[in-house]
Amino acid sequence: MAKIIEHGTWQLAPADERLHAPGPEVLWNESYYFDFAAPDGSVAGYVRLGLYPNWDRAWYWACVTGKDRPLVLIADNDAPLPKPGTTDVRTGTYDATQRIAEPFGPAEIGLDGEAVILPDPTAAYGDTSGAETTRLAFDLRWDTVSGVYPYKDIPRYEIPCTVSGTVTVGGETIAVDAPGERDHSWGERDWWKTSWLWSSGRLDDGAFFHCMQANIGFAIPWPSFAVPPGGEIEHRDGFSAETRFGADELPASSHLRVPGAPMTATPIAFAPVAVVSPDGRTAHFPRALCRFDAEDGRTGHGWTEWHQPPGWQDHGWSYLAEGGAQ
């Protein structure tokens, strides 16, 4: 079985790849993410399945974009819950499947459905019912690279991967052979309270990295991980980030103080989604394919997200930790 990083706070087990018994909270959520980005940034995509059993719905998002591609998106925030014990979502406009046969091993994602074409990605924040549509299909496999990284204090884990298979957009079939990542989390998650930055990618020497910073109002160095070229997954402590936003409130760039590899993340293709709370509050979720430029000259591509709940502008998007990796 893949190596699992140990923090000494909770024990990740093979059974955690499966679905969990929900807690009592309305916003109790079980979430699976899968993403990929071609080494040259020409094509990238992601899938998210979020299950809200106490809210009686699922969120299903899937997209393809790239540095010279429009956003092609399925963003369904009122999808039916899968049948008990399964993670397949089937509607009148798309069918989505998910298979993880071996814990921490390969994951297979299937999709075939109708997606909107959004030359202006921010149109995803509004009504897209009048947008042009096309077929979007995934036949993709995520294979684990080196190991598994559980977060220290919350039930969530990340797995660096290689991704292979095909993506179909309209009449075009695209062969995918790219790095990526998948993750799985469960528990209460209030998307309308806390803002965060999350980033994951691979540099041109083959090094994988992952980092996350929640804007919680006080300074701490955040954990992260890396997989050196040809090496094993390893924990690295002390991440923090600084982000500049444009007049349109989209992120313009982030300086990521990744331990051992400080770098700049520059968005090159956005794939955002808006989410509305049970009481009607709206949060924006700008996720983007990014180019990464490390201070040592390495470059790469991957995904970054900057979650924006109500009042996010005042949450503090500059360095929060003193003495972190420079």
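S.K.: Account for the overall build of the protein chain, naming residues and giving values.
M.R.: Helix and strand content of the protein chain: 0 helices and 23 strands. For a compact globule of 326 residues, the expected C-alpha radius of gyration is about 20 Å, and the protein chain comes in at 18 Å, within 12% of that figure. Across the 326 residues of the protein chain, 54% fall into the buried class. Restricting to contacts in the protein chain with at least 6 residues of sequence separation, those with at least 24 account for 56%. Carbon and sulfur atoms provide 50% of the accessible area of the protein chain, an area that totals close to 13100 Å². In the protein chain, the 24 positive side-chain charges and the 45 negative ones have mean positions that sit 2 Å from each other.

S.K.: Help me get a handle on the layout of surface pockets, residues and values and all.
M.R.: In this model, the largest pocket occupies a volume close to 860 Å³. Taken together, 31 residues form the lining of the largest pocket, with Tyr 151, Ile 154, Met 212, Ala 214 and Trp 222 sitting closest to its centre. Mapped by element, the contributors of at least two residues to the lining of the largest pocket are strand E2 (28-37), strand E12 (172-188), strand E13 (195-203), strand E14 (208-215), strand E15 (222-227) and strand E16 (234-239). The leading source of residues in the lining of the largest pocket is E12, at 4 residues.

S.K.: Could you give me a rundown of the sheet that holds strand E23 (residues 299-307), with the residues and numbers involved?
M.R.: Spatially, 9 strands are ordered E16-E15-E14-E13-E23-E22-E19-E18-E17 in an open sheet, and the strand pairing comes out antiparallel. A single partner strand is all that each edge strand has here, and the edge strands are E16 and strand E17 (241-245). With direction set aside, neighbouring strand axes in the sheet form an average angle of 25°. The sheet contact formed by E13 and E14 spans 8 bridges and is antiparallel. Residue Ser 195 lies in a different strand from E14, and its bridge partner there is Asn 215.

S.K.: Any details on the packing of aromatic side chains? Residues and values, ideally.
M.R.: By the definition in use, this model includes 25 aromatic pairs. Measuring from centroid to centroid gives 6.2 Å for Tyr 157 and Trp 186, while their planes differ by 70°, and the two rings are edge-to-face. Taken together, the residues span a long stretch of sequence, with Tyr 157 in strand E11 (residues 156-169) and Trp 186 in strand E12 at a distance of 29 residues. For Trp 186, a relative accessible area of 14% translates into the label buried. Ring geometry for Trp 191 against Trp 196: centres 5.3 Å apart, planes inclined by 65°, an arrangement best described as edge-to-face. There is no split in this pair, since Trp 191 and Trp 196 are both buried.

S.K.: Which residues make up the side chain of Thr 87, and what are the values?
M.R.: Turning to its location among the elements, Thr 87 is positioned in the loop between strand E5 (69-79) and strand E6 (89-90). Within the structure, Thr 87 has its side chain in polar contact with the backbone oxygen of Gln 98 (distance 3.4 Å). Discounting residues that sit within four places of it in the chain, Thr 87 has contacts with Leu 19, Tyr 32, Leu 49, Pro 82, Ala 96 and Gln 98.

S.K.: Outline empty space enclosed by the protein, listing residues and values.
M.R.: Summed over all chains, the structure comprises 3 cavities of 30 Å³ or more. The space that makes up the largest cavity amounts to roughly 70 Å³. Around the largest cavity, the lining is made up of 13 residues, and of these Pro 179, Gly 180, Ser 200, Gly 201 and Gly 302 lie nearest the centre. Here the lining of the largest cavity is composed, by residue class, of 5 nonpolar, 5 polar and 3 charged. There is about 60 Å³ of room inside the second largest cavity. Forming the walls of the second largest cavity are Phe 34, Val 47, Leu 49, Tyr 60, Thr 87, Val 89, Ala 96, Thr 97, Gln 98 and Ile 109.

S.K.: Describe the nonpolar core, and please don't skip the residues or the numbers.
M.R.: Counting 58 residues, the largest nonpolar core has Tyr 46, Trp 61, Trp 191, Leu 256 and Met 263 as the members making the most contacts within it. Filtering out sequence-adjacent residues up to four positions away, Leu 256 remains in contact with Leu 197, Ser 199, Cys 211, Phe 239, Ser 240, Ala 241, Ala 261, Pro 262, Met 263, Ala 265 and Phe 292. Grouped together as the second largest cluster of nonpolar side chains are 42 residues, Phe 34, Ala 96, Ala 115 and Val 148 included.

S.K.: For the pairing of E23, give the residues involved together with the corresponding values.
M.R.: Most of E23 sits out of view: 8 of its 9 residues are buried. Two strands pair when backbone bridges link them, and strand E22 (residues 287-294) and E23 are joined in this way by 7 bridges, in the antiparallel orientation. Counterpart to Leu 289 in the pairing with E23 is Trp 303. Counting the residues that bridge the hairpin from E22 to E23 gives 4 residues, and of these Gly 297 lies at a positive phi of roughly 100°.

S.K.: How would you summarise the pairing of strand E18 (residues 251-256) if you had to cite specific residues and measurements?
M.R.: Where E17 and E18 come together, 5 bridges link them in antiparallel fashion. In the strand pairing of E18, Glu 242 is matched with His 255. What sits between the antiparallel neighbours E17 and E18 is a turn of 5 residues, in which Glu 249 has the positive phi angle 70°. Note that E18 and strand E19 (residues 263-270) share 3 bridges and pair antiparallel.

S.K.: Describe unusual backbone geometry, with residues and values.
M.R.: Across the chain, the bulk of peptide bonds are trans and the bulk of non-glycine residues have phi less than zero. Even without being glycine, Ser 146 reaches a positive phi, approximately 75°. Within the secondary structure, Ser 146 is located in the loop between strand E9 (133-144) and strand E10 (147-150).

How each quantity is defined
- Residues numbered from 1 in each chain as written.
- Predicted model: local features only at pLDDT ≥ 70, side-chain atom pairs only at ≥ 80, totals over all residues.
- Heavy atoms only, no water.
- Helix = DSSP H or I, 4+ residues; strand = E, 2+ residues; numbered from the N terminus.
- Rg over C-alpha atoms; globule rule 2.2 N^0.38 Å.
- Buried < 20%, exposed > 50% of the residue type's maximum accessible area, 1.4 Å probe, protein only.
- Contact = heavy atoms within 4.5 Å.
- Areas by Shrake-Rupley, 256 points an atom, 1.4 Å probe, with all protein chains shown as cover.
- Lys, Arg positive; Asp, Glu negative; His and termini not counted.
- Charge placed at Lys NZ, Arg CZ, Asp CG, Glu CD.
- 1 Å grid on protein atoms, 1.4 Å probe; cavity = no way out; pocket = protein on both sides within 12 Å on 5 of 7 lines; lining within 4 Å.
- Points joined across faces, edges and corners; volume = space filled by probe spheres on them.
- Pairing = 2+ DSSP bridges.
- Axes fitted to C-alpha atoms, helices over the stretch in contact; angles between N-to-C directions.
- Phe/Tyr/Trp six-rings, centres within 6.5 Å; stacked < 30°, edge-to-face > 60°.
- Polar contact = N/O pair within 3.5 Å; in protein donor to acceptor, adjacent residues only side chain to side chain.
- Nonpolar A, V, L, I, M, F, W, Y, C, P; charged D, E, K, R; others polar.
- Core = buried A, V, L, I, M, F, W, Y, C linked by side-chain atoms within 4.5 Å.

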